[in-house]
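Examination of the molecular architecture
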Amino acid sequence: MSASVLKTSVNSKSPEFEKNARRIVDLLTKIKNEEEQIRQGGGAKAIESQHKKGRLTARERIAKLIDPGSQFFELGIYAAYEMYEEWGGAPSAGTVTGLAKVCGRTFMLIANDATVKAGAFFPMTAKKVIRAQNIAIENKIPSIYLVDSAGVFLPLQEDVFPDTDDFGRVFRNNAVMSAMGIPQITAIMGMCVAGGAYLPVMCDHILMTEGSGLFLAGPALVQAAIGQKTSAEDLGGAKMHSQISGTVDFREPDDDACIARIRALVDKIGAPNPSPFSHTKAREPLFSAEEIYGIFSSDPGKQYDMREIIARIVDAGEFEEYRAESGETLLCGYSRIGGWAVGIVANQKKHVQTLARGSDQKRMEFGGVIYTESAEKAARFILDCNQNRIPLIFLHDVNGFMVGKDAEWSGIIRAGAKMVNAVANSVVPKITVICGGSFGAGNYAMCGKAYDPRFMFAWPTARFAVMSGDAAASTLVEIKLKQLEREGKKVDEKQKKELYDSVRATYEHQTDPRYAAARLWVDAIIDPAHTRDALIWALEAAALNPEIREFKTGVLQT
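This structure is a prediction, so every number in the text was calculated from the model and none was measured.

Overview of the overall build of the chain
Secondary structure assignment for the chain yields 20 helices and 20 strands. Summarising its shape, the C-alpha atoms of the chain cover approximately 85 × 75 × 50 Å along the three principal directions. In the chain, buried positions account for 53% of the 558 residues. Of the contacts formed within the chain by residues at least 6 apart in sequence, a portion of 75% connects residues at least 24 apart. Carbon and sulfur atoms provide 53% of the accessible area of the chain, an area that totals close to 24,900 Å². The chain carries 66 positive and 68 negative side-chain charges, and their two centres are separated by 2 Å.

What to know about the packing of helix H4 (residues 123-139) against helix H5 (residues 167-179)
Contact geometry of H4 with H5 gives a least axis separation of 9 Å together with a crossing angle of 20 degrees. Taken together, H4 and H5 sit at an angle that is classed as roughly parallel. Pair H4 / H5 crosses with left-handed handedness. Here Ala126, Val129, Ile130, Gln133, Asn134, Ala136 and Ile137 of H4 come into contact with H5, specifically with Phe167, Arg169, Val170, Asn173, Asn174 and Met177. Of the residues in the contact of H4 with H5, the class split is 8 nonpolar, 4 polar and 1 charged.

A closer look at H4
Residues spaced three or four apart along an α-helix face the same direction, because each turn holds 3.6 residues. For H4, spanning 17 residues, the distance from its first C-alpha to its last is 25 Å, which sits close to the expected 24 Å at 1.5 Å a residue. The buried count for H4 comes to 14 of 17 residues, which makes it a mostly enclosed element. Immediately downstream of H4, the backbone of Lys140 shows phi near 55 degrees, a positive value.

Here's the deal with the pairing of strand S11 (residues 340-347)
Burial within S11 is extensive, with 8 of its 8 residues counted as buried. Here S11 shows a buried face lined by Trp340, Val342, Ile344 and Ala346 and a second buried face lined by Ala341, Gly343, Val345 and Asn347. Note that strand S10 (residues 330-337) and S11 share 8 bridges and pair antiparallel. Its bridge partner being in S11, Cys332 is matched across the sheet by Val345.

Re the packing of helix H13 (residues 372-387) against helix H15 (residues 412-425)
Where H13 meets H15, the axes come as close as 8 Å, and the angle between the chain directions of the two elements is 25 degrees. Here H13 lies roughly parallel to H15, going by the angle between them. Between H13 and H15 lies a crossing whose hand is left-handed. In this structure, H13 contributes Thr372, Ala375, Glu376, Ala378, Ala379, Ile382 and Leu383 to the contact, and H15 contributes Ile412, Arg414, Ala415, Gly416, Lys418, Met419, Ala422 and Val423. Of the residues contributing to the contact of H13 with H15, the split by class is 10 nonpolar, 2 polar and 3 charged.

Structural notes on the pattern of salt bridges
One pass over the structure, following the stated rule, counts 33 salt bridges. Residues Arg39 and Glu36 are paired through a salt bridge, measuring 3.6 Å at the closest nitrogen-oxygen approach. Residue Arg39 is classed as partly exposed on the basis of its relative accessible area of 32%. Salt bridges linked by common partners bring Glu35, Glu36, Arg39, Arg59 and Glu74 together as one network.

Observations concerning unusual backbone geometry
A positive phi angle, close to 55 degrees, is found at Tyr84, a residue other than glycine. Topologically, Tyr84 is positioned in the loop between strand S1 (73-75) and strand S2 (95-102). Accessibility expressed as a relative area gives 11% for Tyr84, which makes it buried.

Points about the environment of Thr164
Relative to the helices and strands, Thr164 resides in the loop between strand S4 (143-149) and H5. The class for Thr164 is exposed, based on a relative accessible area of 55%.

Things to note about the environment of Ala150
As for its position among the elements, Ala150 is in the loop between S4 and H5. For the pair formed by Ala150 and Ala114, sequence separation is 36 residues and the distance between their alpha carbons is 8.2 Å. For Ala150, the contacting residues outside a window of four places in its chain are Ala118, Gly119, Ala120 and Val193.

About the criteria used
- Residues numbered from 1 in each chain as written.
- Predicted model: local features only at pLDDT ≥ 70, side-chain atom pairs only at ≥ 80, totals over all residues.
- Heavy atoms only, no water.
- Helix = DSSP H or I, 4+ residues; strand = E, 2+ residues; numbered from the N terminus.
- Buried < 20%, exposed > 50% of the residue type's maximum accessible area, 1.4 Å probe, protein only.
- Contact = heavy atoms within 4.5 Å.
- Areas by Shrake-Rupley, 256 points an atom, 1.4 Å probe, with all protein chains shown as cover.
- Lys, Arg positive; Asp, Glu negative; His and termini not counted.
- Charge placed at Lys NZ, Arg CZ, Asp CG, Glu CD.
- Axes fitted to C-alpha atoms, helices over the stretch in contact; angles between N-to-C directions.
- Parallel < 35°, antiparallel > 145°, perpendicular 65-115°, else oblique.
- Left-handed = near helix turned anticlockwise from the far one by under 90°.
- Nonpolar A, V, L, I, M, F, W, Y, C, P; charged D, E, K, R; others polar.
- Expected span 1.5 Å × (residues − 1).
- Pairing = 2+ DSSP bridges.
- Salt bridge = Lys/Arg side-chain N within 4 Å of Asp/Glu carboxyl O.

Written out as structure tokens, the structure is:
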């Protein structure tokens, strides 16, 4: 079988390559150091307190649960980053979520971190657990819950309790997953109180360790409510629930025994249904993934060839480019990643000289901008991938859609709407990676968060917002100056610069990928050199759901 193999013309000795590489390595070093700090949870003292109770920490439990020598692909580690600081913070939102192999099967793991406020649920904790469950629902991933939580963080109960993406949604999802036939196993390995007590009981298997507690109300609340005095063990201990209430299926002496039992149960779960997506033996990329550091430029004024990035992600460098000579600021093509067939839609950052539509006049198309022809090409390509059951990968470095008279006359709005329609109604798995900029409607057309990607990843160089920092700062400052003028206040050049710098700093902070990851707008900030690994995890997870709805687009403005 003949295939189009991507070539490379990268000069790894060039000053530009070395400058790009240094910048990404510096960003990665900072992020990896922060992640290591986040992994400490509530800190050494809280970890020691957990150990004194004879319990492992959430991360220690996960390390023992997953297959020896395998990796834990963590999601949402930056959740609640720089949030709740008035309460001492909530590293990783006090819970650990991610994908892992258990007895060779892919599982979603959700573990309360009792070193962070006793595992209490902050608003972002609920949202993080719900995001993990939604990933499991969309992809039919069996799930394991390691419960060790004091329940809702009461000072913030109004933001945790009542809404559709709050605490109660967790148990609703348990019920929905059960009805869908998605296996769920829960181990109570500490406290499990109040409304949270429903989570384990709505799962397929319930395990509980000695010294743990499962009750709707703890001893103090029971005494206050009905005047009854009782010990925690008599009220809701493992022995009581095993022998008297019959609520738990397995009573285990400690964390190690409980984890061994979970693995034994997982070992007996039936095989998943066959995947509907094409899969062959994986082949390694032709070029080193670390070279992405030097190829990619986060400078908006610099160009680079996105094909060079793709060549370091896909199997054997093979990329069957679709309509390669049309709409060249968007690359579309078929490849394999880890053996999985994929359709790739990627922004091309090289400027392109082409002919204006309907004439012989030459024009320059700017890299990272979506033009009418590129939007129409991408829309058609997305339709083809849905027709042929091929998952879609979106690689973002987009400034937005082209503007101006020529663009409007060419029907840019109509073409953009067509692309957005195709993305919105797509039924095959969509996985998004934000490499650089992801601005304005370009974010939407390239399957931003609002368009239900199964997974959404960001590089440390990612930036996404309505518009870039410079443009936004200029616009916001202009509005502020006009407001001050109306109030009769005069502003000199120094004050203008200070105002501009202040506005830009705030805007830049909010476009940082850590700001997005804190709010779960992205599932993980990934090392660019590990993009292929992240995509393989995502594709393997997506393949667990064999169901593909009928594909319909509705009305297209042709």
